[in-house]
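# Overview (structure and organization)
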Amino acid sequence: MTRIKRGYIARRRRTKIRLFASTFRGAHSRLTRTITQQKIRALVSAHRDRGRQKRDFRRLWITRINAVIRDNKVYFSYSKLIHNLYKKQLLLNRKILAQIAILNRSCLYMISNEIIK
């Protein structure tokens, strides 16, 4: 009986997985089974943390806006500021408001005075 040589497809698949895990440490970058397990785990973590990152940045922006507002007594609270922004139809998102609060506070004061009028 003649010897049957396996094809290259499985080897190509494994090298592709190895390239993904080439920066992992120890057996996580050397052994095929652990590489596949770590790849799944890494992709799950990346998917979960994309949503978490959005949440964390939103919390950071809200905290920054609230700190500047309360510090200089521009407005009573963050929630009232946002509510009145929507009532006056000044559509500024929280990211832009946080940047204005940090970099250009006088502009934030102008916005709050516009809301109060």
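Quick summary incoming for the structure in this document. (Residues numbered from 1 in each chain as written. Predicted model: local features only at pLDDT ≥ 70, side-chain atom pairs only at ≥ 80, totals over all residues. Heavy atoms only, no water.)

### Thoughts on the side chain of Ser29
Rules: Counting from the N terminus, the helices are the DSSP runs of H or I reaching at least four residues and the strands are the DSSP runs of E reaching at least two. Two N or O atoms count as a polar contact when they lie within 3.5 Å, although within protein this holds only if one can serve as hydrogen donor and the other as acceptor, and sequence-adjacent residues are included solely when both atoms are side-chain atoms. Throughout, a residue-residue contact means that at least one pair of heavy atoms, one from each residue, lies within 4.5 Å.
Structurally, the position occupied by Ser29 is in the loop between helix H1 (9-20) and helix H2 (32-71). In this structure the side chain of Ser29 is engaged in a polar contact, spanning 3.2 Å, whose partner is the backbone oxygen of Phe24. With residues near it in sequence (within four places) discarded, Ser29 still touches Arg18, Ala21, Ser22, Phe24 and Ile35.

### Description of the environment of Phe76
Quick reminder of the rule: When accessible area is computed with a 1.4 Å probe and restricted to protein chains, residues below 20% of their type maximum are described as buried, those above 50% as exposed, and intermediate ones as partly exposed.
If you trace the backbone, Phe76 turns up in the loop between H2 and helix H3 (78-87). Here Phe76 falls in the exposed class, since its relative accessible area comes to 68%. Note: C-alpha distance between Phe76 and Arg30 (46 residues apart in sequence) is 58 Å.

### Concerning the packing of H1 against H2
Put simply, the rule reads: Lines fitted to C-alpha atoms define the axes, with helix axes restricted to the stretch in contact, and inter-axis angles between N-to-C directions lie between 0 and 180 degrees. The labels follow the angle: roughly parallel below 35 degrees, roughly antiparallel above 145, roughly perpendicular from 65 to 115, and oblique for the rest. For any helix crossing, the convention is left-handed if the near helix is rotated counterclockwise from the far helix by under a right angle, and right-handed if that rotation is clockwise. Only Asp, Glu, Lys and Arg are considered charged, only Ala, Val, Leu, Ile, Met, Phe, Trp, Tyr, Cys and Pro nonpolar, and every remaining residue, Gly among them, polar.
Where H1 contacts H2, the two axes come as close as 10 Å, and the packing angle between them is 55 degrees. By the angle between their axes, H1 is oblique relative to H2. The element H1 and its partner H2 pack so that their crossing is left-handed. Between H1 and H2, the residues in contact are Arg14, Ile17, Arg18 and Phe20 and Thr32, Ile35, Thr36, Lys39, Ala42 and Leu43, respectively. In terms of residue class, the contact of H1 with H2 is built from five nonpolar, two polar and three charged.

### Here's the deal with unusual backbone geometry
Even without being glycine, Gln89 reaches a positive phi, approximately 60 degrees. Mapped onto the secondary structure, Gln89 falls in the loop between H3 and helix H4 (94-103).

### Remarks on helix H5 (residues 105-116)
Using the following cut-off: The length a helix should cover is 1.5 Å for every residue beyond the first. Think of it as the arc spanned by the lines of direction from the helix axis to the C-beta atoms.
Over its twelve residues, H5 runs 17 Å from end to end, which matches the ideal 16 Å to within 8%, given 1.5 Å per residue. Among the residues of H5, Leu108, Ile111, Ser112 and Ile115 are the ones counted as buried. For H5, the angular spread of the buried residues around the axis is 95 degrees, confining them to a single face. Turning to H5, the residues buried within the fold contact H2, H3 and H4.

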